[in-house]
Amino acid sequence: MKSTTRHALSRRALLAGGAVAVGLPFLDVMRPSARAAGPVRPRRLLCYFVPNGVRGDAWFPAPDSELQLSPSLAALAPVKDRLIVFSGLANAPGMPELPGSHASGTAAFLTARKARRSEVDLHVGVSLDQRFAAANAGATPLASLQLGCEGGGSFGACDIGFACAYHRSISWSSPTTPLPKLTSPRLAFDVILAGDDPGASAAARAGRRAARRSVLDVVLADVHDLESDLGAADRVRLDAYLDGLRALERQVDAPTGLGACTAASPPGEPADFPVHVDMMTELMVLALTCDRTRAISFMLGNAASNRAFPFLGVEGGHHDLSHHAGDAAKIAGLRRVDAWQAAQFARLLRRLADTPDGDGDLLRSTVVLLGSDVGDGNSHTHHDLPVLLAGGDDLWGGGRHLVYETGTPLARLYVSILQALGLPDTRFGEDGDGPLPGLRLDA
Amino acid sequence: MRPAPGLRPASARLGALATIAGAACLRRARAGFGALAMIAGAADLFACAQEPGPVASPVPEAMVHRLTAFEYANTVRDVLGVEAALTREFPADPPALGFDAVAASQPPSSLLVQLFQHSAESIADATLRSGPARAALVVCEPDPAEPAPCLRAIVEPLLGRAWRRPPTDAELDRYLALVDPAELDAGLRLVLEAALLSPHFTFRWERDPGGPGESHWLDDYALAARLSYFLWSSAPDDELLALAAVGALQHAPTLAEQVERMLADPRSAGFVDGFAGQWLYFRGLDDIFRDAHRYPRYDDAVRESMREAMRRRFREFLVPGRDLRDLLLDTHAHVDAELAALYYLPEELAIDTFTRIDLGPHKRRGLLTEPGLMTVLAYPFASSPTRRGRFVLEQLLCSPLPPPPPEAAAQAESEASTARERLEQHRADPACAGCHAILDPIGLAFEHFDAVGAWRGSEHGELIDAAGELPTGERFADVRELAAIVADDPRFPRCVATKVLTYALGRPLVAEDEPVLEDIYKKFVASGRDLVALLVAVVQSDPFRIRRAQEPA
């Protein structure tokens, strides 16, 4: 896939599908191979969540160490040599003592910690993406970006005794702070560009920044007035607000310029779910291409998503299907959903692979992780989880199937990822007490 | 309580001469709320002398509330007269205890602050571009020779309304400094952006004049905001601010009058959608998908009509004198052309506007057979007796069942054709039987209503049997008789009181709240289950009017 011909083809394919493309610029057609020898810098992290687990019999590859794509992963063939599939990993902290596996499993997905069962007193842990984002603070206009395709209504309970936030966020900047995600492509675009209008002149953009500076000065003075006479509990909330204002200050004071983003144009309203996913995929590529952020998390659906897939000819909501009770039609439907989800992930990987970055491509510099809240959705297992790793080829290659003993902590993979991203961490979550053996080619 | 100079001079000196108290109240009237403050000021002597005692009862600690996306949009509409369009795309506030306003006491994320900035810029732009909105804001043209008085006349009321209290002189000066009179609109744009991004707008701060742990009466502006966000999901209007300015709001009869006034105001739509929309789940209709082949009648227009029908049913109880049991017992429904097909109405009845129909011939009754409710409590492809049963137990009776056992996730395959048969098999498992014996009779009473709330006689060729018997031995033939049992269950009014108080306070109820809840419940029942009386009892209760000073930072 590194030949110029293949590359040109995929570009044409993208341009032909311009209705959903967000107008990404292509700066460099003649780019070197993905695994060029130069140092990879900067590195990025993208964490991709799919809800309700998978139907394992069609998802996990045959137990060879050389990757043979399973039926549900067939769409990943174009990027197979840049992909690692894991078998045997478990996220034991995701297992609740009482039911509520989707909430606790989703909260534990990137934190590897046990979520506190509460509607108001949230507590889990700092997520993988946020650990990385904190280490990179200030490097990019946005410390991190949270995107998704399902907002979730403001009604009802989500999972027995767990607040809905556990269902809708995988990124936690502190053990008590779930980060909400953007589901509107238009709003996400504006956030990625930090409200800069790529169509405006440089002078107009500078004027806007100056105005923002004046506004922020006044608002920060308001914050300062409040600080002195708040109690401890309210002070925590004001401080969180202040953190957000400081991030806005950085955007104003150290403008990075829009760089490659000046050619981007905003997306419209998604007509349906597949278009919505396409738009969010393009926005993730945009944010990384323009180096607006280096840490992204994405939820294809919320925990226990009951989305229907009429366009696949599948009858039933996803969560209902996952509790198939042995029904053959439901199991077949689940496999189709799994395969479709893998195709969406494959599209993202192909777009990253098609985007030049330094002396390689964006996939080489981006560690991409895919996972779910549970393994088998029918029985809510928290072992034998579906886990894919892509990108970072110089670190661990690709085309591999790594089979671990059932119960091997997923958090160990997270230690490996953090180390690959240049962090000194040796532990993660509750049970990540070291890196995952056998992953790194150099270790 | 420690006297708090400048905050509650009158309450600190209860028993002092009325004239002194009155003078103290008058001093608090600020120029910013001019005419209305003067009207209210006429009654201030009486009002201030009637304020509650100097010692406030202990209440649990409360956190500051951030505006939810819903409250933010309503506030912008009422303060500036423009639509906060971007809030529709904000990340939904995930509910806690069933209410987004409870979740909004969590610390905000940096993303939200960025969205507030983005939204403030967009709203400032919309305000200055809209003729009427700009005219309401720019109440005078600055005199080039002496622009200050006019600028102040524009900015001071803006900040007062946006922040639900008069700005201090220092704040006013800070905001006025943003305006170059020669470029009025450019300056006002910055003022608007800053006022809307300020934590004074995006949060409802309540100050603590006393020592940590001490309880104190809320200052009147904070009380005005609690009232308006409770009953309108929006900012206090000029009348509430004027009452606050003279310190008259704490007066219990004034609170009762204000509740009735506010419920009669169109802004009470904020309570209908904010409280009932979440309590009765109709706000969730947005996210409900139905298979188009199986349910061809269901589309966006039907969904909106379902929601409107439920709003109308609930709104009938916002006037004094109705018994809330009738929410479940009423024999009429609100139907428009979109809903007519679901009721199998003759075409001549299918008119565009909503009309009241008699449910007599329809085997339906009240809230429990609303198509919107039946739709929210169903699966994309089927009804859900379990969800419907849980709704009755959790939302109407506040008697949630314990969580299912872990092995309940993996269900056995079933060949049963009706929900009743499937659930009978399910109950054969002893681990499931205990809860399902309570849940199933209730849930199965709804089986005549499919996943979009249309009546059906059979499922997969088998006649539906909606009759049941509760564990108490009470029997019912169908959902209409079940509705009567639920309406008369003493847990129903207590549950309503619990939900309303939780929503009003925006926090979980704790053991210390128990006597207050009991008192409110008794008043509600004594009033003949009048929802307005319940709302009055809530706003007159200690935890609504009193605040415990937080521990120091």
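Each remark here, short or long, concerns the structure printed above.
Treat the numbers as computed from the prediction; the structure is a model and nothing was measured.

K.L.:
Give me the lowdown on the overall build of chain A, citing residues and values where you can.
P.N.:
Scanning chain A from terminus to terminus reveals 14 helices and eleven strands. Within the span of chain A, comprising 443 residues, buried residues form 61% of the whole. Once local pairs closer than 6 in sequence are excluded, the contacts in chain A between residues at least 24 apart make up 73%.

K.L.:
Tell me what's going on with the overall build of chain B, and back it up with residues and numbers.
P.N.:
Summing up its helical and strand segments, chain B has 28 helices and ten strands in all. A burial count over chain B gives 59% of its 553 residues as buried. Sequence-distant contacts, at least 24 apart, represent 71% of the contacts inside chain B between residues at least 6 apart. Accessible surface for chain B amounts to roughly 20,900 Å². Of this, 56% is attributable to carbon and sulfur atoms.

K.L.:
If you had to explain the pattern of salt bridges to someone new, which residues and values would you point to?
P.N.:
Side-chain pairs of opposite charge can arise whenever the charged atoms involved come near each other. Residues and elements named next belong to chain B. Under the definition given, this model contains 71 salt bridges over all chains. In this structure, R261 and D237 form a salt bridge, with 2.9 Å as the shortest nitrogen-oxygen distance. Pair noted here: R261 is in helix α15 (residues 252–264) and D237 is in the loop between α13 (220–231) and α14 (238–245), with a separation of 24 residues, a long-range link. Taken together, the shared-partner salt bridges connect D273, E304, R307, E308, R311 and R312 into one network.

K.L.:
A description of the side chain of T202 of chain B should follow, citing residues and the corresponding values.
P.N.:
With respect to the element layout, T202 of chain B can be found in helix α12 (residues 199–202). Note on T202 of chain B: relative accessible area 0%, which makes it buried. Apart from the residues within four sequence positions on either side, T202 of chain B is in contact with Y241 of chain A together with H65, R66, L67, F116, L196 and L197 of chain B.

K.L.:
Just give me the short version of the state of the cysteines, but keep the residues and values in it.
P.N.:
Residue and element names in this part refer to chain B. In the structure shown here, the tally under the stated rule is two disulfides over all chains. Shown here is the disulfide that connects C398 with C495, its sulfur atoms set 2.0 Å apart. Because the torsion about its S-S bond is 75°, the bridge between C398 and C495 counts as right-handed. Here the residue C398 occupies a position in the loop between α21 (385–396) and α22 (419–427), and C495 occupies one in helix α25 (residues 491–505), the gap between them amounting to 97 residues. Judged by relative accessible area, which is 29%, C398 ranks as partly exposed. A residue is classified by how much of its surface remains accessible, and C495, at 1% relative accessible area, is buried. Counting only cysteine sulfurs, C432 is the nearest neighbor of C435, a cysteine outside any disulfide, at a range of 8.6 Å. The exposure class of C435 is partly exposed, given its relative accessible area of 22%.

K.L.:
Just give me the short version of the sheet that holds strand β9 (residues 366–372) of chain A, but keep the residues and values in it.
P.N.:
Residue and element names in this part refer to chain A. Here seven strands make up an open sheet; going across it, the order is β3-β6-β1-β9-β10-β2-β11 and the pairing mixed. In this open sheet, the two strands that pair with only one neighbour each are β3 (145–148) and β11 (400–409). In this sheet, neighbouring strand axes are inclined to one another by 15° on average, regardless of whether the strands run parallel or antiparallel. Relative to strand β6 (residues 295–299), strand β1 (residues 44–50) runs parallel, the two being bridged by five bridges. Bridge assignment links L45 to a residue of β6, and that residue is A295. Across the sheet, helix α4 (residues 128–135) lies against β1, β3, β6 and β9, angled at about 160° from β1, the strand it touches most.

K.L.:
Give a description of the packing of helix α7 (residues 110–129) of chain B against helix α11 (residues 184–197) of chain B that names residues and reports values.
P.N.:
All names here are of chain B. Put simply, α7 and α11 touch, their axes get as near as 8 Å, and they point 145° apart. When you trace α7 past α11, the crossing you get is right-handed. Facing V113, F116, Q117, A120, E121, I123, A124, D125, T127 and L128 of α7, the residues of α11 in contact are D185, L188, R189, L192, E193, L196 and L197. Class assignment for the residues of the contact of α7 with α11 results in ten nonpolar, two polar and five charged.

K.L.:
Got a sec to walk through the nonpolar core? Specific residues and values, please.
P.N.:
Among the nonpolar cores identified, the biggest contains 123 residues, and Y48, L76, L245 and F345 of chain A together with Y175 and L197 of chain B are the most heavily contacted of them. Each residue touching L245 of chain A, except ones within four places of it in the same chain, is listed here: L216, V219, L220 and V223 of chain A together with V113 and L197 of chain B. Grouped together as the second largest cluster of nonpolar side chains are 108 residues, L231, A245, M310 and L373 of chain B included.

K.L.:
Break down the interface of chain A and chain B for me, with residues and values.
P.N.:
Contact residues are listed per partner, giving 73 residues for chain A and 76 residues for chain B. Summed over both partners, the interface of chain A with chain B comes to about 6,300 Å²; 63% of that surface belongs to carbon and sulfur atoms. Seen at the junction of chain A and chain B, the total is seven salt bridges. A salt bridge links R208 of chain A to E193 of chain B; the shortest N-O distance between them is 3.1 Å. Linking chain A with chain B are 21 residue pairs in polar contact (both at pLDDT 80 or more), by the criterion used here. Broken down by secondary-structure element, the contributors of at least two residues to the side of chain A that touches chain B are α5 (165–168), α6 (185–192), α7 (202–227) and α8 (232–253) of chain A.

Scoring rules and cut-offs
Residues numbered from 1 in each chain as written. Chains lettered and ligands numbered in written order. Predicted model: local features only at pLDDT ≥ 70, side-chain atom pairs only at ≥ 80, totals over all residues. Heavy atoms only, no water. Helix = DSSP H or I, 4+ residues; strand = E, 2+ residues; numbered from the N terminus. Buried < 20%, exposed > 50% of the residue type's maximum accessible area, 1.4 Å probe, protein only. Contact = heavy atoms within 4.5 Å. Areas by Shrake-Rupley, 256 points an atom, 1.4 Å probe, with all protein chains shown as cover. Salt bridge = Lys/Arg side-chain N within 4 Å of Asp/Glu carboxyl O. Disulfide = S-S within 2.5 Å. Pairing = 2+ DSSP bridges. Axes fitted to C-alpha atoms, helices over the stretch in contact; angles between N-to-C directions. Left-handed = near helix turned anticlockwise from the far one by under 90°. Nonpolar A, V, L, I, M, F, W, Y, C, P; charged D, E, K, R; others polar. Core = buried A, V, L, I, M, F, W, Y, C linked by side-chain atoms within 4.5 Å. Buried area = accessible area lost by both parts, 1.4 Å probe. Polar contact = N/O pair within 3.5 Å; in protein donor to acceptor, adjacent residues only side chain to side chain.

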